[in-house]
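Notes for the structure review
In case you want the letters, here they are:
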Amino acid sequence: MYVIIAGGGRLGASLAAWLISGGHEVSVVDFDRATCVRLDETLGSVSVLGSCIEAEALARAGTNRADVFAATTRDDGVNVVACQLARHHFGVSRTMSVVNDRDNADLFGLLGIGASVDVTNLVLGGFQEGFSTRGMMHLMPMTSIDGKTLVSVKIPPIAGTEERLLGRIPLPEGTLVTLVITRDGSVSIPTAETTIKAGDEVVVVTTATAEEELREVLIGPLVE
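The structure contained in this document is the topic of the report that follows. What you see is a predicted model; the values in this text were computed from it and never measured.

Right, let's get into the overall build of the chain. Each helix and strand in the chain was counted, giving 7 helices and 13 strands. Relative to its 224 residues, the chain shows a buried fraction of 42%. Across the chain, every contact between residues at least 6 apart in sequence was considered, and the portion connecting residues at least 24 apart equals 54%. Accessible surface, the chain: about 12,300 Å² in total, of which carbon and sulfur atoms supply 57%.

Rendered as structure tokens:
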């Protein structure tokens, strides 16, 4: 997969490093020369010097062949324009962006930006994690699906038997396991025949009211 990232700040650089570690091709567009130098020193030749809201810079980055365009700057206006350029001028089918001001979230959706990450919700999620039940990590709320949230659950050695078929685990109503990351690091989209083992991590779409029941069926009852 080829991904263009608009903005080489801390978020853009971290996203680029994560994608590269997964074997994806990445280019990062940033107007600051020092930032580009730092990116190239740490990640290899990934930077494109220029403004992400100028078609010429995006063309040099090869946006016309990109599979995904991700805007990560701290300016929502820049992020919107960059995504619109990528989508309508270069034909990128998948665009996503960070939303710095949550009041702009609806606008991002109306403009067809496929996925938007609300910074306020991410910070809130960090606090929620401090209050959440043990063994479960909140990843992000799913603004496109009312009341749903994405959580990650690490299966401990004490969670029942060593192996369980996913289809036989009585998951709460409205809960969906979307991804299984095995203890050896492989990733799969699960089916009812997928085996869940101690040490595996499962990514689940659930609701706040179902979290406690989900934790119990995957990890076991909370013992003080």
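Moving on, we get to the layout of surface pockets. A water-sized probe, rolled over the atoms, reveals where empty space remains. In this model, the second largest pocket occupies a volume close to 430 Å³. Considering the residues around the second largest pocket, the lining is formed by 21 residues, among which Gly-7, Gly-9, Thr-72, Thr-73 and Arg-74 are closest to the centre. Elements represented by at least two residues in the lining of the second largest pocket include exactly helix 1 (10-21) and strand 2 (25-30). With 3 residues, the single largest contributor to the lining of the second largest pocket is helix 1. Tallied by class, the residues present in the lining of the second largest pocket amount to 8 nonpolar, 9 polar and 4 charged.

Glancing now at the nonpolar core. The biggest cluster of nonpolar side chains holds 22 residues, and the ones touching the most others in it are Ile-4, Ala-6, Val-29, Cys-52, Leu-58, Phe-69 and Val-92. Sorting the residues of this core by element identifies strand 1 (2-6), helix 3 (55-60), strand 4 (68-71) and helix 4 (76-89) as the ones contributing at least two each. The dominant element in this core, judged by the number of residues it contributes, is helix 4, at 5 residues. Not counting the four nearest positions on each side in its chain, Val-29 is found in contact with Ile-4, Ile-5, Ala-6, Gly-7, Gly-8, Val-48, Gly-50, Ser-51, Cys-52, Ala-57, Leu-58 and Ala-61. In this structure, Val-153, Ile-196, Val-217 and Leu-218 belong to the second largest nonpolar core, which totals 14 residues.

Here Gly-62 lies in the loop between helix 3 and strand 4. For Gly-62, a relative accessible area of 11% gives the class buried. With 60 residues separating them along the chain, Gly-62 and Tyr-2 place their C-alpha atoms 9.3 Å apart. Setting aside its immediate chain neighbours within four residues, Gly-62 contacts Tyr-2 and Ile-4.

This part is about the packing of aromatic side chains. When we look at a pair of aromatic rings, we describe it by the centre distance and by the angle of the planes. One pass over the structure, following the stated rule, counts 0 aromatic pairs. The ring of Tyr-2 is capped by Arg-65, whose NZ or CZ atom sits 3.9 Å from the centre of that ring.

As a further point, take the pairing of strand 1. Of all 5 residues in strand 1, 5 are buried, a share of seventy percent or more. Sheet topology note: the strand 1/strand 2 ladder contains 5 bridges and is parallel. Within the sheet, the bridge partner assigned to Tyr-2 lies in strand 2 and is Glu-25. Handedness of the strand 1-helix 1-strand 2 crossover: right-handed.

Our next topic: the pattern of salt bridges. For side chains of opposite charge, pairing can occur when their charged atoms come near one another. Inspection of the entire model under this criterion finds 3 salt bridges. One salt bridge in this structure joins Glu-56 and Arg-60, with 2.6 Å as the shortest N-O distance. In this pair, Glu-56 and Arg-60 are both assigned in helix 3, 4 residues apart and thus about one turn of the helix distant. Residues Glu-212 and Arg-215 are paired through a salt bridge, measuring 3.6 Å at the closest nitrogen-oxygen approach. Highlighted residues: Glu-212 and Arg-215, both in helix 7 (residues 211-218), separated by 3 residues, approximately one helical turn. What makes Glu-212 partly exposed here is its relative accessible area of 31%. Looking at Arg-215, the relative accessible area reads 2%, which means it is buried.

Conventions used here
- Residues numbered from 1 in each chain as written.
- Predicted model: local features only at pLDDT ≥ 70, side-chain atom pairs only at ≥ 80, totals over all residues.
- Heavy atoms only, no water.
- Helix = DSSP H or I, 4+ residues; strand = E, 2+ residues; numbered from the N terminus.
- Buried < 20%, exposed > 50% of the residue type's maximum accessible area, 1.4 Å probe, protein only.
- Contact = heavy atoms within 4.5 Å.
- Areas by Shrake-Rupley, 256 points an atom, 1.4 Å probe, with all protein chains shown as cover.
- 1 Å grid on protein atoms, 1.4 Å probe; cavity = no way out; pocket = protein on both sides within 12 Å on 5 of 7 lines; lining within 4 Å.
- Points joined across faces, edges and corners; volume = space filled by probe spheres on them.
- Nonpolar A, V, L, I, M, F, W, Y, C, P; charged D, E, K, R; others polar.
- Core = buried A, V, L, I, M, F, W, Y, C linked by side-chain atoms within 4.5 Å.
- Phe/Tyr/Trp six-rings, centres within 6.5 Å; stacked < 30°, edge-to-face > 60°.
- Lys NZ or Arg CZ within 6 Å of the ring centre and 35° of its normal.
- Pairing = 2+ DSSP bridges.
- Right-handed = clockwise from strand over helix to strand, strands pointing away.
- Salt bridge = Lys/Arg side-chain N within 4 Å of Asp/Glu carboxyl O.

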